[in-house]
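# Fold and geometry: a report
Residue strings, one per chain:
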Amino acid sequence: KDERRTITYNMKDLYGRSQQTCKLVLMRLADAMAGTVSPAVEGELTVEHILPTKPSSTSIWQQWFADANQRARFCSSIGNLALLPTALNDRARNHEFTRKRLVYREADRGVAGLLLQDVLDQQEWRATQIERREAQFQEMIQQLWNFKDSKTDADASPDQLPRPGRASRRRA
């Protein structure tokens, strides 16, 4: 089984599959960016959809993502997700990107701020930005959890094999 393909597939809708797992993966990505484990308490943070799940009918989001299926796909992408304290997430809501960026700037440099740094550098939040960020997160995840790229266990040296508790075992 190709772990890279499986991870890529599951990252397309991680939030929909498990909100708790999604939050933990985002926290781990932030830890990797910081180079240390964050003291943040997981319960203090919520998952923010940068492209909102329910933008208003007159929103710029409707213009940027006119196709409802495309909007749903990008909305659930890990590249569209961040962590925010509950109060900031409530303020960001379904607003336009320019207004959301103002709210995001209030996030501290901890877990939330690290995950939003690249978002704050953007003037627009379209499919291209989400895809780029998704690819970056997928690469980080593959490195953090040492997922192999299309190798079979027979091709791997013993020290490259997954260990119980670290990664799933592959079947021949």
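For the structure itself, consult the block above.
Reading the values: the criteria
- Residues numbered from 1 in each chain as written.
- Predicted model: local features only at pLDDT ≥ 70, side-chain atom pairs only at ≥ 80, totals over all residues.
- Heavy atoms only, no water.
- Buried < 20%, exposed > 50% of the residue type's maximum accessible area, 1.4 Å probe, protein only.
- Helix = DSSP H or I, 4+ residues; strand = E, 2+ residues; numbered from the N terminus.
- Pairing = 2+ DSSP bridges.
- Core = buried A, V, L, I, M, F, W, Y, C linked by side-chain atoms within 4.5 Å.
- Contact = heavy atoms within 4.5 Å.

### Some remarks on the pairing of strand 1 (residues 45-49)
- Taking burial as the measure, the 5 residues of strand 1 include 4 buried ones, the bulk of the element.
- One ladder, built from 5 bridges, connects strand 1 with strand 2 (residues 81-85); its direction is antiparallel. Residue pairing in the sheet places Val47 in a bridge with Leu83 of strand 2.

### Comments concerning the nonpolar core
- Counting 22 residues, the largest nonpolar core has Leu51, Phe65, Leu84, Tyr104 and Trp125 as the members making the most contacts within it.
- Those elements giving two or more residues to this core turn out to be helix 4 (60-64), helix 5 (68-75), strand 2, helix 6 (86-92), helix 7 (97-104), helix 8 (111-120) and helix 9 (127-144).
- In terms of residue count, the dominant contributor to this core is helix 8 (4 residues).
- By size, the runner-up hydrophobic cluster in this structure holds 18 residues, among which are Val25, Leu29, Ala30 and Leu45.

### Describing the environment of Ala82
- Inspection of the secondary structure assignment puts Ala82 in strand 2.
- Through-space distance from the C-alpha of Ala82 to that of Ile50 is 7.3 Å; in sequence the pair is 32 residues apart.
- Once residues lying within four places of it in the same chain are set aside, the contact partners of Ala82 are Leu26, Thr46, Val47, Glu48, Leu116 and Arg133.

### Considering unusual backbone geometry
- In the Ramachandran plot, Arg93 falls in the positive-phi region, its phi being about 35 degrees despite a non-glycine side chain.
- Along the polypeptide, Arg93 turns up in the loop between helix 6 and helix 7.
- For Arg93, a relative accessible area of 55% gives the class exposed.

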